[in-house]
Amino acid sequence: MASVAGRLGGVLRRHRTALCVGAILGLAAPLATLPQQGKAPPECRRRDRIQVATGSDVSVNGYRRRLFTSWNSTNAPTDKDVDVVELSPVADVKRNEMLAALQGDGCPRYDVVILDSAWTAEFAAAGLLEPVEDVPSDRFVPAALATGQWRGRQYALPFATDVGLLFRREGAPAPLTWRDLYDSAGLQGFVTQNDDYEGGTVSLLEVTGGMMEGERVVMGARAKEGLAAWWHARETQKIAEGPFRERESLTEFVTGRARYLRHWPYAYLRLVEAGVKAEVSPLPGGGVLGGSNLAIASRSGLATESRAFVDYLTRADNQRQLFSCGGYAPVVEAAYERVDPCQMQREDGPAPPSATRTQLARLLGAVHLALGSAKRPSLVHYAQFSETLRECVRAVMDDDHTSGADFADAVERALAGALPDAVGGRPGAEDGCR
């Protein structure tokens, strides 16, 4: 192995997008291109180091990056060090960058990709991921492990699971329904992610309870009640006007007068650091499953070595530290048995605790409870489904409606005409919104 100083210095580099951004965004097919029929794929060389592609690190104080450097400084002589490349912080751009780097006849640019959990089915269906064998199913949180499966086979292991939570100022009641939440919020009192990006899709899925059974669109009474309450809350200005993404919504809650915030678990540590006293509980009706998965690229010359790195990241002790130091929800059941205070080191010494053991235990309990009912559509064409869903709801919102029920009926009609085509990957699905 290289010297410790050399390894720590080279573990992470920012990706400056070697490919033309315009070409990346212009990928016509939602799935990557498979190798030509009858043409044997090349035998890929064994690199000196494992190449890892990931998105931006949103953990508190960048503790996920520190776990990567920890692997390089402590792994066995037979293991391979890693180089980690951070791709675009924009989810859709990051997805296209990963597709471009893994697809085609040649060898993949990366050995390990840290995928948004919603993309795993798409990448697996395109033949871009190596199946994962010998997975002890009772070791992982069931909902998190399921996000790495496609057609009954495991193609990725969870790295960090995520579930939407409700943060509320001290004294604000924990609502049982979305209507209760909006009624308790007051004017501009509820902050969520409502911009036109994947976070906006998640917010819609949470309000409607998911809308999907497998690949079938289901707009039942619960979904329509959620949409009606959401429309009324927007009309009466109970929902803070954005556009907000994760960073902006957190800032709005910290600096504003809102009583409620919908966000991911790591936001709790940010609130503690900011001196905001907040309580945490599951969202009304359950949240939407998020997070990231660890997948090994097909035709990687370092599949065995990459699996050792993946297993290291999912060890219970590392998962506990990712939670207590960085706010990532654990993916292994053993990590929920106790809370370990943050022990990772800063460059200038031990990191001061950002939350007490009691506070961390409350957060961990809320996460575990919320995971019990969390779900996310597992679709090969998830990206098209997500964009079409937002497009249809925006189109309906532009029209006049007499009530929340009228709005919900209009959304149901729009989605009935567009979402089945989007789920099937047919082009022009959004044209069916009206």
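Just above, that's the structure.
Below you will find a few notes about this structure. The structure presented is a predicted model; accordingly, all values stated were derived computationally and were not measured.

Procedures and definitions
Residues numbered from 1 in each chain as written. Predicted model: local features only at pLDDT ≥ 70, side-chain atom pairs only at ≥ 80, totals over all residues. Heavy atoms only, no water. Helix = DSSP H or I, 4+ residues; strand = E, 2+ residues; numbered from the N terminus. Patch = residues over 30% accessible without salt bridge, like charges linked within 9 Å, V, L, I, M, F, W, Y side chains within 5 Å. Areas by Shrake-Rupley, 256 points an atom, 1.4 Å probe, with all protein chains shown as cover. Salt bridge = Lys/Arg side-chain N within 4 Å of Asp/Glu carboxyl O. Lys, Arg positive; Asp, Glu negative; His and termini not counted. Charge placed at Lys NZ, Arg CZ, Asp CG, Glu CD. Buried < 20%, exposed > 50% of the residue type's maximum accessible area, 1.4 Å probe, protein only. Polar contact = N/O pair within 3.5 Å; in protein donor to acceptor, adjacent residues only side chain to side chain. Contact = heavy atoms within 4.5 Å. Pairing = 2+ DSSP bridges. Axes fitted to C-alpha atoms, helices over the stretch in contact; angles between N-to-C directions. Core = buried A, V, L, I, M, F, W, Y, C linked by side-chain atoms within 4.5 Å. Disulfide = S-S within 2.5 Å. Parallel < 35°, antiparallel > 145°, perpendicular 65-115°, else oblique. Left-handed = near helix turned anticlockwise from the far one by under 90°. Nonpolar A, V, L, I, M, F, W, Y, C, P; charged D, E, K, R; others polar.

Let us now look at the environment of Val85. Relative to the assigned elements, Val85 resides in strand β3 (residues 82–86). Here the alpha-carbon distance between Val85 and Ser56, two residues 29 residues apart in the chain, equals 9.3 Å.

Moving on, we get to a negative patch on the surface. Taken together, the side chains of Asp92, Glu387, Glu430 and Asp431 define an acidic patch exposed on the protein surface. For Asp431, the position within the fold is in the segment after α16 (404–423). Residue classification places Asp431 among the exposed positions, given a relative accessible area of 63%.

Our focus in this paragraph is the side chain of Arg376. If you trace the backbone, Arg376 turns up in the loop between α14 (357–371) and α15 (382–397). Within the structure, Arg376 has its side chain in polar contact with the side chain of Tyr382 (distance 3.0 Å). Beyond its immediate stretch of four places on either side in the chain, Arg376 contacts Ser117, Ala118, Glu198, Val202, Leu205, Val288, Leu289, Gly290 and Tyr382.

For the rest of this paragraph, the subject is the sheet that holds strand β9 (residues 190–191). Spatially, β9-β12-β8-β13 is the arrangement adopted by the 4 strands of the open sheet, whose pairing is mixed. Strands with a single pairing partner mark the edges of an open sheet, and in this sheet they are β9 and β13 (278–282). Sheet topology note: the strand β8 (residues 165–169)/β13 ladder contains 5 bridges and is antiparallel. What sits directly across from Arg168, in β13, is Glu279. Against the sheet, helix α10 (residues 246–255) contacts β8, β9 and β12 (260–263), and its axis sits at roughly 160° relative to β12.

This part takes up the nonpolar core. In terms of nonpolar packing, the biggest core is built from 69 residues, with Val113, Phe123, Tyr182, Phe190, Trp230, Phe385 and Leu389 touching the most fellow members. For this core, the elements supplying multiple residues, two or more each, are α4 (91–102), β4 (112–116), α5 (120–125), α7 (178–185), α8 (198–208), α9 (221–235), α15 and α16. With 10 residues, the single largest contributor to this core is α16. Ignoring sequence-local partners within four residues, the contact set of Phe123 consists of Arg95, Met98, Leu99, Leu102, Leu115, Leu128 and Leu129. If you look at the next biggest cluster of nonpolar residues, it comprises 60 residues, including Ala143, Leu165, Phe253 and Ala374.

Turning our attention to the state of the cysteines. Summed over all chains, the structure comprises 3 disulfides. Covalently, Cys325 is tied to Cys342 through a disulfide, its sulfur atoms 2.0 Å apart. Disulfide Cys325 to Cys342: torsion about the S-S bond roughly 110°, handedness right-handed. In this pair, Cys325 is assigned in helix α13 (residues 316–326) and Cys342 in the loop between α13 and β15 (345–346), connecting sequence segments 17 residues apart.

Two elements in contact, helix α3 (residues 63–74) and helix α12 (residues 303–313), have axes whose closest approach is 11 Å; the angle formed by their N-to-C orientations is 120°. Between α3 and α12, the crossing angle belongs to the class labelled oblique. The interaxial crossing formed by α3 with α12 has right-handed handedness. Of the residues in α12, those in contact with Leu67, Phe68, Ser70, Trp71 and Thr74 of α3 are Ala308, Phe309, Tyr312 and Leu313. Across the contact of α3 with α12, the residue classes break down as 7 nonpolar, 2 polar and no charged.

A few words on the environment of Ser137. Position of Ser137 relative to the elements: it lies in the loop between α5 and α6 (142–146). Taking the C-alpha atoms as reference points, Ser137 and Val332, 195 residues apart in sequence, are found 9.9 Å from one another.

Attention now goes to unusual backbone geometry. Put simply, Gly242 and Pro243 share a cis peptide bond, and its omega is 10°. One can find Pro243 in the loop between α9 and α10. At Arg151, a position not held by glycine, the phi torsion is positive, near 50°. Along the chain, Arg151 falls in the loop between β5 (149–150) and β6 (153–154). A positive phi is found at Gln188, a non-glycine position, where the angle reads about 55°. Its place among the elements puts Gln188 in the loop between α7 and β9. Overall, the relative accessible area of 28% leaves Gln188 in the partly exposed class.

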